Amino acid sequence: MSLTAPTGKTQTYSAALLALGMAATVGTALGFQHLGGYIPCKLCLEQRTPYYIGIPLMALGFIAAWLKAPAIITRGLLAAGGLLMLYGMGLGVYHSGVEWGWWEGPADCAIGAPTSSYEGGNLLDQLNAVIPPSCTEAAGRFLGLSFAGWNVLASALWAAIALRGAFKR
């Protein structure tokens, strides 16, 4: 299938679903961080980047499909979103492997725990004193998977939807 084949409802729905789904996925991660108190490690933060790029791309893809822009634009945006999610899936696999001890993580991934809570001192100093957790320690496991493992599944789902939308008639 060509990226220049006419677009239809599949591309419009795919782009809308992806924009919302990616936002919900990264929103859940942010919720665990800010509401649940889970401090992300360096690799956790890196896994969010494809979402931060992909959400506006998929919103543009939806607008392009809705405005009946040339097919190459809508399908190209969907393909780019699919590639971003494959990259995100790769980051999740790498991080999961680091957590399980299958391979070494990055040398600059801190080992330590967050400092105590704010106690009236200089807030900026407190924020700078927070040491992120090590990439080798899963913050928690839910149904046997860490956040990185769940990201692998979510990224695979969004990649499949994006690539199907990009190449399906």
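Residues numbered from 1 in each chain as written. Predicted model: local features only at pLDDT ≥ 70, side-chain atom pairs only at ≥ 80, totals over all residues. Heavy atoms only, no water.

1. Observations concerning the packing of helix α3 (residues 71-100) against helix α5 (residues 147-167)
(1) Moving on: For the pair α3 and α5, interaxial distance at closest approach is 7 Å and the crossing angle is 160°. It follows from the interaxial angle that α3 and α5 lie roughly antiparallel. Two packed elements cross with a definite hand, and for α3 against α5 that hand is left-handed.
(2) Moving on: Residue composition of the contact of α3 with α5, grouped by class: 15 nonpolar, ten polar and two charged. (Axes fitted to C-alpha atoms, helices over the stretch in contact; angles between N-to-C directions. Helix = DSSP H or I, 4+ residues; strand = E, 2+ residues; numbered from the N terminus. Parallel < 35°, antiparallel > 145°, perpendicular 65-115°, else oblique. Left-handed = near helix turned anticlockwise from the far one by under 90°. Nonpolar A, V, L, I, M, F, W, Y, C, P; charged D, E, K, R; others polar.)

2. Focus: the nonpolar core
(1) Moving on: Residues Leu18, Met22, Tyr51, Met58, Leu78, Met85 and Trp158 are the most contacted members of the largest nonpolar core, which totals 17 residues.
(2) Moving on: Taken together, the elements giving at least two residues each to this core come down to α1 (9-34), α2 (42-66), α3 and α5.
(3) Moving on: With six residues, α5 is the largest single contributor of residues to this core.
(4) Moving on: Not counting the four nearest positions on each side in its chain, Leu18 is found in contact with Met58, Leu78, Trp158, Ile161 and Ala162.
(5) Moving on: Counting five residues, the second-largest nonpolar core is a separate cluster that includes Cys41, Leu43, Cys109 and Cys135. (Core = buried A, V, L, I, M, F, W, Y, C linked by side-chain atoms within 4.5 Å. Buried < 20%, exposed > 50% of the residue type's maximum accessible area, 1.4 Å probe, protein only. Contact = heavy atoms within 4.5 Å.)

3. Some details on a nonpolar patch on the surface
(1) Moving on: Together, Phe32, Phe142, Leu143, Trp150 and Leu153 make up an exposed nonpolar region whose accessible area comes to about 510 Å².
(2) Moving on: Topologically, Leu143 is positioned in the loop between α4 (123-129) and α5.
(3) Moving on: A residue is classified by how much of its surface remains accessible, and Leu143, at 83% relative accessible area, is exposed. (Patch = residues over 30% accessible without salt bridge, like charges linked within 9 Å, V, L, I, M, F, W, Y side chains within 5 Å. Areas by Shrake-Rupley, 256 points an atom, 1.4 Å probe, with all protein chains shown as cover. Salt bridge = Lys/Arg side-chain N within 4 Å of Asp/Glu carboxyl O.)

4. A word on the side chain of His95
(1) Moving on: By the element assignment, His95 lies in helix α3.
(2) Moving on: Other than its neighbours up to four places away in sequence, His95 contacts Cys41, Leu43, Cys44, Gln47, Cys135 and Ala148.

5. Some details on α3
(1) Moving on: Between the first and last C-alpha of α3 there are 43 Å, a value that for 30 residues agrees with the 44 Å anticipated at 1.5 Å per step.
(2) Moving on: Phi turns positive one or two residues past the end of α3, at Gly101, with a value near 80°. (Expected span 1.5 Å × (residues − 1).)

6. What about the packing of α2 against α3?
(1) Moving on: One way to put it is that α2 packs onto α3 with a least axis distance of 9 Å and a crossing angle of 165°. In terms of orientation, α2 and α3 fall into the roughly antiparallel class. For α2 against α3, the interelement crossing comes out left-handed.
(2) Moving on: Residue classes in the contact of α2 with α3 are distributed as 20 nonpolar, eight polar and one charged.

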